[in-house]
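Below, each chain spelled out in residue letters.
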Amino acid sequence: MSTGAKKRIMREYGECMSDTPPGMKITFDEQNMTEWEILLDGPEQSVYAGGHFKLKLTFPNEYPFKPPVVSFKTKIYHPNVSNDDKGSMCLGLLRPEEWKPPNKVVAVLRLIQTLLIEPNPDDAIEPSIANEYKENRKEFDKTAKDWVKRYAK
Amino acid sequence: MTLKRASDDIDRSEPAKKPTPDTTLHTALPATPLTTASANMDSDDEFNSSQVSDDEFMADQDSDVSIEDDSDFDIDQDDVGFESQDKDIKPTKQTYEVDFIVYSPDQIQGHQDKQVDEVSNILGQPPESTAILLRHERWNKERLIDHYMEKQEETLESAGLGETSTTNPPRLEHVKGFVCDICCEDGPDLDTFAMRCGHRFCVDCYKQYLYTKIKDEGEAARIRCPGDGCNRIVDHKSLDLLVSSDLQARYHELLMRTYVDDKENLRWCPAPNCVYAIQCGVRDKDLIRTVPTVRCDCSHFFCFGCSLNDHQPAPCALVRKWLKKCEDDSETANWISANTKECPKCHSTIEKNGGCNHMTCRKCRNEFCWMCMGVWSEHGTSWYNCNRFEEKSGHDARDAQARSRQSLERYLHYYNRFANHEQSAKLDKDIYLKTEKKMTQLQNTTGMSWIEVQFLDAASQALQQCRQTLKWTYAFAYYLARNNLTEIFEENQKDLEMAVENLSEMFEKPIDLLQGLKVEMMDKTSYCNKRRVILLNDTADNLQKGNWEFNVTL
C-alpha cells in the first residue's frame, strides 16, 4: 500500500473520530491500519434495535481507487447482507463501479446505518430474504428480531 | 430413408483431383465470405490453432466491405442435390452453413472511423466528441442523430460532453490553496487536472484512477470523472494528456472492443490470441432454427450464437442443457450407477459402504435387504442365504428400480459415446502428429514431394471434424423424441460413424503400410466428409423447418 493511501486512511480515521456517527464505535490498530473493527448498535427505529453488531472494514491495496470491503461478523437477517460466514455486503458505494476515489469511509458507515433502518430489497444479495421483506413483512420482522436476540446481544 | 447412401461408390478414377490441402487456403482474403464446405476444411479446436500463418494478417485492405452492406453477400446459389456431390464437393452453400464475414482489427477500426466521420459531418461535432457520442449510444447512429437533433444539449450532457469542447484543450494547472480530495496532498507546485465539470484532483491521483479503470476494470468508453457523483465521461483528449503510452495501447484496444461488443451482428473469435471479429446476420431468436457455425481466418470453428466450439448439429439451447447436465452428472452418474441402489420406498439413492445388508433408509426409515431389495421384515433371521429371489415384494422393488435406472442408463449411453468421440479425436490427433514426423522422414528417404504426403493431413482433419460432429450428434440424439425422422438421422449417424472408424483404423497402420493405403485413404477421407455434409444438411434442414421434436423445450 502506498504512503498516500496510508496517509489518507489516517486522515479519515481522524475525521471519523471527531465526527463518529451516533451508535458506532471504531477500533483501529496502528499496526494494521487497513482493517477496522466497527461496533454498531442496531438503530432504535429499526428491527435491529437492541442488537450490537460487529463489522470488519478492510481497505484494499488500491484504496482509495477501489472501495473498502465491509463484512458483518455478527450474523444478521438482512436482504443486503449475505447469510453465510462472510456476511458480505455489495451495494451502492461499495460496488467498484459506483465508488469514486473522493468518497469517504464515513459515507460508507452512514450507508450501513441507513440500510439497517431501511433495507434495499431491490439490490439484494439474499433474494429469498428480500422477497420475504417485500411480501411478508411481518414474518421478516419476526425472524430479524429473533436473530438479534440469538446472535447480537 | 431417401437421404442415405448418396455416394457409396466413390469415384476412384480421379484421386489426383481430390482436394489437396491448398496452400492458398491460408492466403485467402479475410474479407471474403467463407461459405464453402471444402472437403479439407480445417477442423476445430486447438488442432489448427498453430496454423495461423503470418500472411493471414496481411489482410487485404482494399477489399473494402462495408459492414452495413452484408446483403451484398448473398451467396444465393441453388443448393446442390446430394446426387451431384459424388464428384467433389462444390463451393456452394450447404443448408447447414451460414453467411459470414471475417474482419481484421484494421478493418474494424476502419469501419469505426468511417462511421465517426459520417456522423461527425452530420452533427457538426469534432470526431473525438462524435466518437464519444456514438459509443454512448452503443453505435446506433440513427438513434444518436435523432436524439441529437431533438435535444442537442441533453444528448451532449448525457454522453459527458456538457459544453462543446472545441476551444480550450485540456491542460494541467497549478491552483492556489488546492487540496486533493483523494490523497489529501496540497502545495503550490502540485500539478492538477480537471475537466470542464471542475472536479479537480492532483495529477497523480487522476492518473492512478484512470490506470485502475483501464487496467483492472477494463473500462474504456465510459470512464466517468472521478468526482463524487459526476457522470461526465473522460474524453479522448484528456486521456491522451494523462495516460502513459503503454496504457494508451490498452485503452484503444478496449475502445475497439466496445465497438464489436455493442454490435449485435459482430462477435470476437474466441480462440486464444485471435484478433479477428466475425460478422453474421443470425440473431438470438434464430438460434432454435439454425446452428450458425463460422470459421475464423485463424482456422477456429465456432458457433456465432454462443461462441462455443462448433457444435453442429445440436442447437445452442440443447448444447447448454447438455453441458450443464454433463457437468452435473457425468462423473457422478457413472459412480452412482456402479455403487448405489435406490431405496425401494422413497427412491433416495443409497450407497452401501460396508457392513450388513439390513438397510434402513435415513430418509424414510424403510428397512430393506440390500441383496434382494425386499422388505426386511419378511426376512426373519435367516436372511444370510437370501434365497428370496422370487418373492413378490422384492421383485416389484427391483422393477421400480429398473425403471428409474433406465433413464440413467439412457443418459450414460449417449454420454459415453459423446465422450468417446471427444477422446478419440484427441488420440487421432496424437497419432497424426507422430505420423507427420515420420512422413517427413519418409519424404526425405523416398523422395516423395510434400504434396504427395498431404493426404494424411487431409485425413486427419476430416477425422477431427467428423468426430466433432459425431460427438454432438449424441447430445442431439439424447434430447430427440422419436419420430420418423429419427431413423434417418440414426442411419446417417451410423454411416458417418462407420466411415470415421474405418478411416481411423487405417490411420493407425504402421508407417510403411501407409503409402500403399494412400488412394484408399483419400477415398475414405472424402467419403467421411460427404457423410458429414449429408448428416448436417439433413439435421439443419429439418431444424429450419421445425421438424424435430425434442423431449425438452428449447
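This text follows the structure it describes.
Structure report, in brief. (Residues numbered from 1 in each chain as written. Chains lettered and ligands numbered in written order. Predicted model: local features only at pLDDT ≥ 70, side-chain atom pairs only at ≥ 80, totals over all residues. Heavy atoms only, no water.)

## Details of the overall build of chain B
Item 1. Secondary structure summary: chain B contains 13 helices and 11 strands in total.
Item 2. Taken over 554 residues, chain B has a buried fraction of 48%.
Item 3. For chain B, long-range pairs separated by at least 24 residues make up 64% of all intrachain contacts whose partners lie at least 6 apart in sequence.
Item 4. Accessible surface for chain B amounts to roughly 27200 Å². Of this, 49% is attributable to carbon and sulfur atoms. (Helix = DSSP H or I, 4+ residues; strand = E, 2+ residues; numbered from the N terminus. Buried < 20%, exposed > 50% of the residue type's maximum accessible area, 1.4 Å probe, protein only. Contact = heavy atoms within 4.5 Å. Areas by Shrake-Rupley, 256 points an atom, 1.4 Å probe, with all protein chains shown as cover.)

## Focus: the overall build of chain A
Item 1. A tally of helices and strands in chain A yields 4 helices and 4 strands.
Item 2. For chain A, the α and β elements follow one another from N to C terminus as α-β-β-β-β-α-α-α.
Item 3. Every one of the 153 residues in chain A was classed for burial, and the buried ones make up 48%.
Item 4. Contacts in chain A between residues at least 24 apart in sequence constitute 54% of all its contacts with a sequence separation of at least 6.
Item 5. As displayed, chain A has an accessible area near 7600 Å², and 48% of this comes from carbon and sulfur atoms.

## Some words on the packing of helix α10 (residues 454–478) of chain B against helix α13 (residues 518–544) of chain B
Relative orientation and spacing of two packed helices are given, respectively, by the angle between their axes and the distance between those axes.
All names here are of chain B.
Item 1. Two elements in contact, α10 and α13, have axes separated by 9 Å at closest approach and are oriented at 30°. On the basis of the axis angle, α10 is roughly parallel to α13. Read as a crossing pair, α10 and α13 show a hand that is left-handed. Counting all contacts with α10, which are made through Phe-455, Leu-456, Ala-458, Ala-459, Ala-462, Gln-465, Cys-466, Thr-469, Thr-473 and Phe-476, the residues of α13 involved are Lys-518, Met-521, Met-522, Thr-525, Cys-528, Asn-529, Arg-532, Leu-535, Leu-536 and Thr-539. (Axes fitted to C-alpha atoms, helices over the stretch in contact; angles between N-to-C directions. Parallel < 35°, antiparallel > 145°, perpendicular 65-115°, else oblique. Left-handed = near helix turned anticlockwise from the far one by under 90°.)

## Digging into the interface of chain B and chain A
Accessible area lost upon the coming together of the parts is a frequently used measure of interface size.
Item 1. Taken together, the contact pairs 19 residues of chain B with 15 residues of chain A.
Item 2. Note on chain B versus chain A: buried area summed over both sides is about 1500 Å², and carbon and sulfur give 53% of it.
Item 3. When the buried surface of chain B facing chain A is broken down by residue, Ile182(B), Cys184(B) and Arg224(B) rank first, second and third, together holding 32% of it.
Item 4. Linking chain B with chain A are 3 salt bridges.
Item 5. A salt bridge links Asp216(B) to Lys66(A), with the shortest nitrogen-to-oxygen separation between them at 3.2 Å.
Item 6. Counting across the chain B and chain A interface gives 8 residue pairs in polar contact (both at pLDDT 80 or more).
Item 7. Looking at which element gives the most residues to the side of chain B that touches chain A, the answer is helix α5 (residues 203–216) of chain B, with 6 residues. (Buried area = accessible area lost by both parts, 1.4 Å probe. Salt bridge = Lys/Arg side-chain N within 4 Å of Asp/Glu carboxyl O. Polar contact = N/O pair within 3.5 Å; in protein donor to acceptor, adjacent residues only side chain to side chain.)

## Details of the sheet that holds strand β5 (residues 277–280) of chain B
Residue and element names in this part refer to chain B.
Item 1. Ordered by their spatial adjacency, 3 strands build an open sheet running β1-β5-β4, and the pairing between neighbours is antiparallel. A strand with exactly one partner marks an edge of an open sheet, and here the two such strands are β1 (100–103) and β4 (266–268). Sheet twist, expressed as the average angle between the axes of neighbouring strands with direction ignored, equals 25°.
Item 2. Relative to β5, β4 is paired through 3 bridges, and the arrangement is antiparallel. For Leu-266, the partnering residue across the bridge sits in β5 and is Gln-279.
Item 3. Each of β1, β4 and β5 touches helix α1 (residues 105–123); the most contacted strand, β1, lies at about 100° to it. (Pairing = 2+ DSSP bridges.)

## Section: the packing of aromatic side chains
All names here are of chain A.
Item 1. All told, the structure shown has 31 aromatic pairs over all chains when counted by the stated rule.
Item 2. Considering the side-chain rings of Phe-28 and Trp-36, the 5.9 Å spacing of their centres and the 90° angle between planes classify their relative orientation as edge-to-face.
Item 3. For Phe-28, a relative accessible area of 14% puts it in the buried group.
Item 4. When its relative accessible area of 1% is taken as the criterion, Trp-36 is described as buried. (Phe/Tyr/Trp six-rings, centres within 6.5 Å; stacked < 30°, edge-to-face > 60°.)

## Side note on the state of the cysteines
Residues and elements named next belong to chain B.
Item 1. Counted under the stated rule, the structure contains 0 disulfides over all chains.
Item 2. You can see Cys-202 has no disulfide; the closest cysteine sulfur is in Cys-205, sitting 3.7 Å from it.
Item 3. Taking the relative accessible area as the measure of exposure, Cys-202 reaches 4% and is therefore buried.
Item 4. Unpaired in this structure, Cys-205 has its nearest cysteine sulfur neighbour in Cys-183, at a distance of 3.5 Å. (Disulfide = S-S within 2.5 Å.)

## A closer look at the nonpolar core
Residue and element names in this part refer to chain A.
Item 1. Trp-36, Tyr-48, Phe-72 and Met-89 are the most contacted members of the largest nonpolar core, which totals 40 residues.
Item 2. Looking at this core, the elements that each hand over two or more residues are α1 (3–18), β1 (24–28), β2 (35–41), β3 (52–58), β4 (69–72), α2 (105–117), α3 (127–135) and α4 (137–151).
Item 3. With 7 residues, α2 is the single largest residue contributor to this core.
Item 4. When residues no more than four places from it in sequence are discounted, the contact partners of Trp-36 are Ile-9, Glu-12, Tyr-13, Cys-16, Ile-26, Thr-27, Phe-28, Leu-55, Lys-56, Leu-57, Phe-59 and Val-105. (Core = buried A, V, L, I, M, F, W, Y, C linked by side-chain atoms within 4.5 Å.)

## Regarding helix α7 (residues 245–262) of chain B
Residue and element names in this part refer to chain B.
Item 1. Between its first and last C-alpha atoms α7 spans 26 Å; for 18 residues at 1.5 Å apiece the expected length is 26 Å, and the two agree.
Item 2. Looking at α7, one finds that the buried residues are Leu-247, Gln-248, Tyr-251, Leu-254, Leu-255, Met-256, Thr-258, Tyr-259, Val-260 and Asp-262.
Item 3. Buried residues along α7 sit in contact with α1, α2 (127–136), α5, α6 (236–242), β4 and β5. (Expected span 1.5 Å × (residues − 1).)

## Thoughts on the packing of α1(B) against α2(B)
Residue and element names in this part refer to chain B.
Item 1. In the contact formed by α1 and α2, the axes pass within 9 Å of each other and the chain directions differ by 105°. If you check the angle between α1 and α2, you find them roughly perpendicular. Across the interface between the two elements, Gln-112, Gln-115, Val-116, Val-119, Ser-120 and Leu-123 of α1 pack against Pro-127, Thr-130, Ala-131, Leu-133, Leu-134 and Arg-135 of α2.
Item 2. When the residues that make up the contact of α1 with α2 are grouped by side-chain class, the tally is 7 nonpolar, 4 polar and 1 charged. (Nonpolar A, V, L, I, M, F, W, Y, C, P; charged D, E, K, R; others polar.)

## Concerning the pattern of salt bridges
Residue and element names in this part refer to chain B.
Item 1. Inspection of every chain in the model, using the stated rule, returns 26 salt bridges over all chains.
Item 2. A salt bridge links Arg-138 to Asp-262; the nearest nitrogen and oxygen atoms lie 2.9 Å apart. With Arg-138 in the loop between α2 and α3 (141–150) and Asp-262 in helix α7, this pair connects stretches of sequence that are 124 residues apart.
Item 3. Among the residues examined, Asp-262 registers a relative accessible area of 19% and is labelled buried.
Item 4. Note that Glu-217 and Lys-213 form a salt bridge whose closest N and O atoms lie 3.0 Å from each other.
Item 5. Residue classification places Glu-217 among the partly exposed residues on the basis of a relative accessible area of 24%.

## Points about the sheet that holds β2(A)
Residue and element names in this part refer to chain A.
Item 1. Spatially, the 4 strands line up as an open sheet ordered β1-β2-β3-β4, and their pairing is antiparallel. Each edge of the open sheet carries a strand with a single partner, namely β1 and β4. Neighbouring strand axes in the sheet, compared pairwise and without regard to direction, differ in orientation by 25° on average.

## Topic: unusual backbone geometry
Item 1. Cis rather than trans, the peptide bond between Tyr63(A) and Pro64(A) has omega equal to 0°.
Item 2. Along the polypeptide, Pro64(A) turns up in the loop between β3 and β4.
Item 3. Of note, the amide linkage connecting Gln312(B) to Pro313(B) takes the cis form, showing an omega dihedral of 5°.
Item 4. Mapping Pro313(B) onto the fold places it in the loop between β7 (301–303) and α8 (316–339).
Item 5. A positive phi angle, near 60°, is found at Trp139(B), a position not held by glycine.
Item 6. Despite not being glycine, Cys184(B) shows a phi value in the positive range, around 70°.
Item 7. Mapped onto the elements, Cys184(B) comes out in the loop between α4 (152–158) and β2 (192–193).

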